[in-house]
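Listed below are the residues making up each chain.
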Amino acid sequence: MKYLSEYRDPKLVHAVLADIHKSVTRPWVIMEICGGQTHTILRHGLDQLLPPQIELVHGPGCPVCVTSLESIDKALAIASNTEVIFATYGDMLRVPGSERDLYSVRARGGDVRVVYSPLDAVRLAQENPQKQVVFFAIGFETTAPANCMSVLQARNLGLENYSILVSHVRVPPAMQAILSSPTNRVQAFLAAGHVCAVMGYWEYPPIAEKYRVPVVVTGFEPLDICVGILKAVRMLEAGSYKVENEYARVVTYAGNQHGQAIIKEVLMETDRNWRGIGMIPGSGWTLRPEYEKFDAEKRFRVESVRPSESPLCIAGQILQGLKKPNECQAFGKPCTPESPLGATMVSSEGACSAYYRYRKID
Ligand code: SF4
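Since we're looking at a predicted model, the values are computed, not measured.

Chemist: For the environment of Pro 334, give the residues involved together with the corresponding values.
Modeler: On the secondary structure map, Pro 334 appears in the loop between helix 15 (315-319) and helix 16 (351-359). By relative accessible area, which is 46% here, Pro 334 ends up partly exposed. As a C-alpha pair, Pro 334 and Val 13 span 321 residues in sequence and 37 Å in three-dimensional space. When neighbours within four sequence positions are excluded, Pro 334 is seen to be in contact with Leu 312, Ser 339 and Leu 341.

The structure is reproduced here in structure tokens:
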């Protein structure tokens, strides 16, 4: 398949790996931002094929993993309302809140439905005028345009029974929070290709400049990852800190401007709590006042939830590149995909789930 099979070609991957081996002279720590990239690295054992000087650490780019416990608890409270159909992506069902998850709400009679698009949730609202339909609008810049479209569509249809529980997060403030931390180890980033497909990469040069870190916009196939690492290593070795685009078959500098305009129309920046990490200023989006009537938090008045995290879970340190999943004392026992203590073990993009799937030694 064009644009796919050639990016999985072992000969090409090994040729780039050989270039990486030739290029590296010193230890470097590189963070891949996206959980999809983490899974590619673990699935293909790419980290084990790199020179020992290169350490890959896993970033916070898994939307399910970083959705705050507070937001999960709000979702659980709203989904428990008998007047509500709560629509969500399937990954969110098993993410543990302070005391339970959406599966257990459903088991107790809550009307929790899995949808594949926010527009499916709008259709549910049309088909069920006697119910309030709430869509759990989580994710990074990638999912924001479609979530905003659902609000615009609900407005255009005159729906009074549709709202979204917004927990959107943005990548650039998270990169800056990691780089500003006194414990930071990251020296270069592989930026998330799908986020950049929407947003472009015009937000990254000031970050690269300010913190003197190379950033490579990178895709998700093994060859993408290896080329991204090669570009990062070459810049690190040369002492340069530019933004390069490895994923040019999908990403342009300006990105999807129509998508960005829709986001700007419906959402505005806000401070946001990231699960395990804490509050990052300006790192989220929330609904603009003009669209307040579609805000599930306001409609259901659940602002005062006080969450509590499992004391064993170190997902926050993992998502900042400070620890690896197998350094968690709960990894594999008691924390497993069947009985997760943290969101990074649940999500198909979570680092703990990737280690459990591809690296667990019984
Ligand atoms: S293994 Fe489980 S408890 Fe440990 S960091 Fe990962 S999700 Fe949290």
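Chemist: Let's hear about unusual backbone geometry: which residues, and what values?
Modeler: Going from Lys 333 to Pro 334, the amide bond is cis rather than trans, its omega being 5°. Residues other than glycine seldom take positive phi values, yet Arg 212 does so here, at roughly 55°. Mapped onto the elements, Arg 212 comes out in the loop between helix 11 (205-211) and strand 8 (215-218). On the basis of relative accessibility, which here comes to 57%, the residue Arg 212 falls in the exposed class.

Chemist: So what about the sheet that holds strand 4 (residues 111-114)? Which residues, and what values?
Modeler: Strand pairs in the sheet, formed through backbone hydrogen bonds, run parallel or antiparallel to each other. With mixed pairing, six strands are arranged side by side in an open sheet as 4-3-5-6-11-10. Of all the strands in the sheet, just strand 4 and strand 10 (267-274) have a single pairing partner and so form its edges. In this sheet, adjacent strand axes meet at a mean angle of 25° when their direction is disregarded. Here four bridges tie strand 3 (residues 84-88) to strand 5 (residues 132-139), and the two strands are oriented parallel to one another. By the bridge assignment, Ala 87 is partnered in strand 5 with Phe 135. Most of the contacts of helix 13 (residues 257-266) go to strand 10, to which it runs at about 85°, and overall it touches strand 10 and strand 11 (278-287).

Chemist: Could you give an account of the pairing of strand 8, naming the residues involved and the relevant values?
Modeler: Side chains Val 215 and Val 217 project from strand 8 onto one buried face, and the interleaved Val 216 and Thr 218 project onto a second face that is buried too. Strand direction decides the pairing type here: strand 7 (residues 188-192) and strand 8, joined by four bridges, are parallel. Bridging across to strand 8, Ala 191 finds its partner in Val 217. Here three bridges tie strand 8 to strand 9 (residues 243-245), and the two strands are oriented parallel to one another. Directly across from Val 217, in strand 9, lies its bridge partner Asn 245.

Chemist: Provide a residue-level description of the site of the ligand, including the pertinent values.
Modeler: Around the ligand sit 13 residues in total, of which Cys 313, Cys 328, Cys 335, Thr 344 and Cys 352 are the nearest. Each residue belonging to the shell around the ligand can be placed in one class, and the counts come to 11 nonpolar, two polar and no charged.

Chemist: So, the pattern of salt bridges: which residues are in play, and what are the values?
Modeler: Tallied over the full model, the rule gives 16 salt bridges. Of the charged contacts, one joins Lys 74 and Glu 70 as a salt bridge, the two residues approaching to 4.0 Å between their closest N and O atoms. With Lys 74 and Glu 70 both in helix 5 (residues 69-79) and four residues apart, this pair spans about one turn of that helix. Residue Glu 70 is classed as partly exposed on the basis of its relative accessible area, which comes to 25%. Within the structure, one salt-bridge network assembled from shared partners comprises Glu 55, Arg 185 and Lys 324.

Chemist: I'd love a proper account of the nonpolar core, names of residues and values included.
Modeler: Core analysis: the biggest nonpolar cluster contains 87 residues, and Ile 78, Phe 86, Tyr 162, Phe 189, Tyr 204, Val 215 and Leu 287 have the highest contact counts within it. For this core, the leading source of residues is strand 5, giving six residues. With 37 residues, the next largest nonpolar core counts Ile 229, Phe 331, Met 345 and Cys 352 among its residues.

Chemist: Any chance you could break down the domain arrangement of the chain for me, citing the residues and the numbers?
Modeler: Assigned domains within the chain: domain 1 (13-63 + 172-245), domain 2 (65-169 + 255-300) and domain 3 (311-362). Computed over C-alpha atoms, the centres of domain 1 and domain 2 are 30 Å apart. Taken together, the contact pairs 16 residues of domain 1 with 20 residues of domain 2. The contact between domain 1 and domain 2 buries some 1400 Å² in all, and 72% of this surface belongs to carbon and sulfur atoms. Counting the surface domain 1 buries against domain 2, the share from its top three residues, Pro 63, Val 198 and Met 199, is 40%. Summed over the shared surface of domain 1 and domain 2, the number is zero salt bridges.

Chemist: Break down helix 16 for me, with residues and values.
Modeler: Regarding helix 16, the residues found buried are Ala 351, Cys 352, Ser 353, Ala 354 and Tyr 355. Looking at the buried positions of helix 16, the neighbouring elements they touch are helix 2 (35-43), strand 2 (54-61) and helix 15.

Conventions adopted
- Residues numbered from 1 in each chain as written.
- Predicted model: local features only at pLDDT ≥ 70, side-chain atom pairs only at ≥ 80, totals over all residues.
- Heavy atoms only, no water.
- Helix = DSSP H or I, 4+ residues; strand = E, 2+ residues; numbered from the N terminus.
- Buried < 20%, exposed > 50% of the residue type's maximum accessible area, 1.4 Å probe, protein only.
- Contact = heavy atoms within 4.5 Å.
- Pairing = 2+ DSSP bridges.
- Axes fitted to C-alpha atoms, helices over the stretch in contact; angles between N-to-C directions.
- Near = heavy atom within 4 Å.
- Nonpolar A, V, L, I, M, F, W, Y, C, P; charged D, E, K, R; others polar.
- Salt bridge = Lys/Arg side-chain N within 4 Å of Asp/Glu carboxyl O.
- Core = buried A, V, L, I, M, F, W, Y, C linked by side-chain atoms within 4.5 Å.
- Domains from an automatic or database assignment.
- Buried area = accessible area lost by both parts, 1.4 Å probe.

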